[in-house]
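Okay, here's what each chain looks like letter by letter:
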Amino acid sequence: MSGHSKWANIKHKKGKADALRGKITTKISREITIAVRMGGPDPTGNMKLKLALSKAKANNIPKDNIQRAIQKGAGALDGSNFEEVVYEGYGPAGVAMMVSTLTDNRNRTAADVRHAFSKYGGNLGASGCVGYMFQQKGIFVVNKETGVEEDDLMMVVLDAGAEDLKNEEECFEVVTDPSAFDAVEKALADNNIEVEMSEITMVPDTMAALSPEDAGKVQRMLDALEELDDVQDVYTNADLPEEDDEE
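### Description of the overall build of the chain
Moving on, step 1. Across its full length, the chain carries nine helices and ten strands.
Moving on, step 2. Long-range contacts, defined here as pairs at least 24 residues apart, represent 72% of the contacts in the chain between residues at least 6 apart.
Moving on, step 3. As displayed, the chain offers around 12,400 Å² of accessible surface, 48% of which is attributable to carbon and sulfur atoms.

### Some remarks on the environment of G22
Moving on, step 1. Within the element layout of this structure, G22 appears in helix α2 (residues 21–39).
Moving on, step 2. G22 sits in the partly exposed class, given a relative accessible area of 46%.
Moving on, step 3. Through-space distance from the C-alpha of G22 to that of I61 is 9.8 Å; in sequence the pair is 39 residues apart.

### Examining the side chain of S29
Moving on, step 1. Inspection of the secondary structure assignment puts S29 in helix α2.
Moving on, step 2. There is a polar contact of 2.7 Å between the side chain of S29 and the backbone oxygen of T25.
Moving on, step 3. When sequence neighbours within four positions are dropped, the list of residues in contact with S29 reads N65 and A69.

### A word on the sheet that holds strand β3 (residues 123–125)
Moving on, step 1. If you trace the four strands from one edge of the open sheet to the other, you get β3-β1-β2-β9, paired in antiparallel fashion. Since the sheet does not close on itself, it has two edges, and those belong to β3 and β9 (231–236), each with one partner. Along the sheet, successive strands turn relative to each other by an average axial angle of 30°, direction set aside.
Moving on, step 2. Both strand β1 (residues 83–90) and β3 contribute to a ladder of three bridges, which runs antiparallel. Bridge pairing in β3 links E88 to G125.
Moving on, step 3. Sitting on the sheet, helix α5 (residues 106–119) touches β1, β2 (96–103) and β3, and the angle it makes with β1 is about 20°.

### Notes on helix α7 (residues 181–190)
Moving on, step 1. Of the positions making up α7, those classed as buried are F181, V184, A187 and L188. Along α7, the residues classed as buried sweep out an arc of 135° about the axis, all on the same side. In α7, the exposed residues that point more than 90 degrees away from the buried face are K186, A189 and D190.
Moving on, step 2. In the core, the buried residues of α7 are packed alongside α3 (47–58), β4 (134–143), α6 (150–159), β6 (171–176) and β7 (197–204).
Moving on, step 3. Positive backbone phi, at 55°, marks N192, one or two positions downstream of α7.

### Details of the pattern of salt bridges
Moving on, step 1. If you walk through the whole model with that rule in mind, you get 13 salt bridges.
Moving on, step 2. A salt bridge links D230 to R108; the nearest nitrogen and oxygen atoms lie 2.9 Å apart. Of this pair, D230 sits in the loop between α8 (212–226) and β9 while R108 sits in helix α5, placing them 122 residues apart in sequence.
Moving on, step 3. For R108, a relative accessible area of 33% translates into the label partly exposed.
Moving on, step 4. Where salt bridges share partners, they join R30, D104, R108 and D230 into one cluster.

### Quick notes on the packing of aromatic side chains
Moving on, step 1. Evaluation of the coordinates by the stated rule reveals one aromatic pair.
Moving on, step 2. With centroids separated by 4.6 Å and ring planes inclined at 25°, the aromatic side chains of F140 and F181 adopt a geometry described as stacked. Here the residue F140 occupies a position in strand β4, and F181 occupies one in helix α7, the gap between them amounting to 41 residues.
Moving on, step 3. The cationic tip of K144 hangs over the ring face of F172; the distance from NZ or CZ to the ring centre is 5.2 Å.

### Focus: unusual backbone geometry
Note: most peptide bonds trans; most residues except glycine with negative phi.
Moving on, step 1. A positive phi angle, near 65°, is found at A93, a position not held by glycine.
Moving on, step 2. For A93, the location among the structural elements is in the loop between β1 and β2.

### Re the packing of α3 against α7
Moving on, step 1. Relative orientation of the contacting elements α3 and α7 amounts to 40°, with a least axis distance of 12 Å. In terms of orientation, α3 lies oblique with respect to α7. The segment α3 lies against α7, with M47, K50 and L51 engaging F181, D182 and E185.
Moving on, step 2. Grouping the amino acids of the contact of α3 with α7 by side-chain chemistry returns three nonpolar, no polar and three charged.

### Considerations on the sheet that holds strand β5 (residues 164–167)
The pairing of strands in a sheet comes from backbone hydrogen bonds and takes either a parallel or an antiparallel form.
Moving on, step 1. The antiparallel open sheet is built from four strands, whose spatial order is β5-β6-β4-β7. Of all strands in the sheet, those bounded by a partner on one side alone are β5 and β7. Between one strand axis and the next, the sheet turns through 30° on average, direction left out of account.
Moving on, step 2. Here six bridges tie β4 to β6, and the two strands are oriented antiparallel to one another.

About the cut-offs
- Residues numbered from 1 in each chain as written.
- Predicted model: local features only at pLDDT ≥ 70, side-chain atom pairs only at ≥ 80, totals over all residues.
- Heavy atoms only, no water.
- Helix = DSSP H or I, 4+ residues; strand = E, 2+ residues; numbered from the N terminus.
- Contact = heavy atoms within 4.5 Å.
- Areas by Shrake-Rupley, 256 points an atom, 1.4 Å probe, with all protein chains shown as cover.
- Buried < 20%, exposed > 50% of the residue type's maximum accessible area, 1.4 Å probe, protein only.
- Polar contact = N/O pair within 3.5 Å; in protein donor to acceptor, adjacent residues only side chain to side chain.
- Pairing = 2+ DSSP bridges.
- Axes fitted to C-alpha atoms, helices over the stretch in contact; angles between N-to-C directions.
- Arc of directions from axis to C-beta.
- Salt bridge = Lys/Arg side-chain N within 4 Å of Asp/Glu carboxyl O.
- Phe/Tyr/Trp six-rings, centres within 6.5 Å; stacked < 30°, edge-to-face > 60°.
- Lys NZ or Arg CZ within 6 Å of the ring centre and 35° of its normal.
- Parallel < 35°, antiparallel > 145°, perpendicular 65-115°, else oblique.
- Nonpolar A, V, L, I, M, F, W, Y, C, P; charged D, E, K, R; others polar.

Structure representation (structure tokens):
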């Protein structure tokens, strides 16, 4: 693992590509609708909805938009019949990529994703071709500016069932199995430990080091994929240099 946060590295790409407020609102609203359809309108027993609402709050999505998305999911309002589809393939230099989408038209989405892979030097593969390289994990990011001590944080999260605590340059990363997400979240709240970000995401088992040239190619492909309306998240094992993150 590189010295900087691989999770923050991956998520930073999402923030760059979703810079437009309208796109953020649309994508998160869609996520809320799907979550309600799949698991009901009560976030207590619906992890997908809980995480989508948390994301909405972090991005300052208006309450009216959130309520409309919930109503659509519950069938109170007309809405397109979206479904989750994950595409897998390889990017420049053979890096693994998983593209999570919510779509009401599989043909359109598949064509758009395939075009982005092809245009930027990648190859769209069969389902499962890179999925085995990733594991679903819960991640909590605690900024060191909160003043929490590493030993204290470790005791709290490990007692709650977390798998690991990573000490990064500017933050601590708590890693959990998805089944322990709620327990760790509660433990952090009970101990008044402020969490900067939290999510259940796909984490690569190993990172692929890249030359500056290949890193630039991968970044352009990531941006192109994430700008597609149907794309919710893109996961990669590309270890992109920090200086590329900040451009």
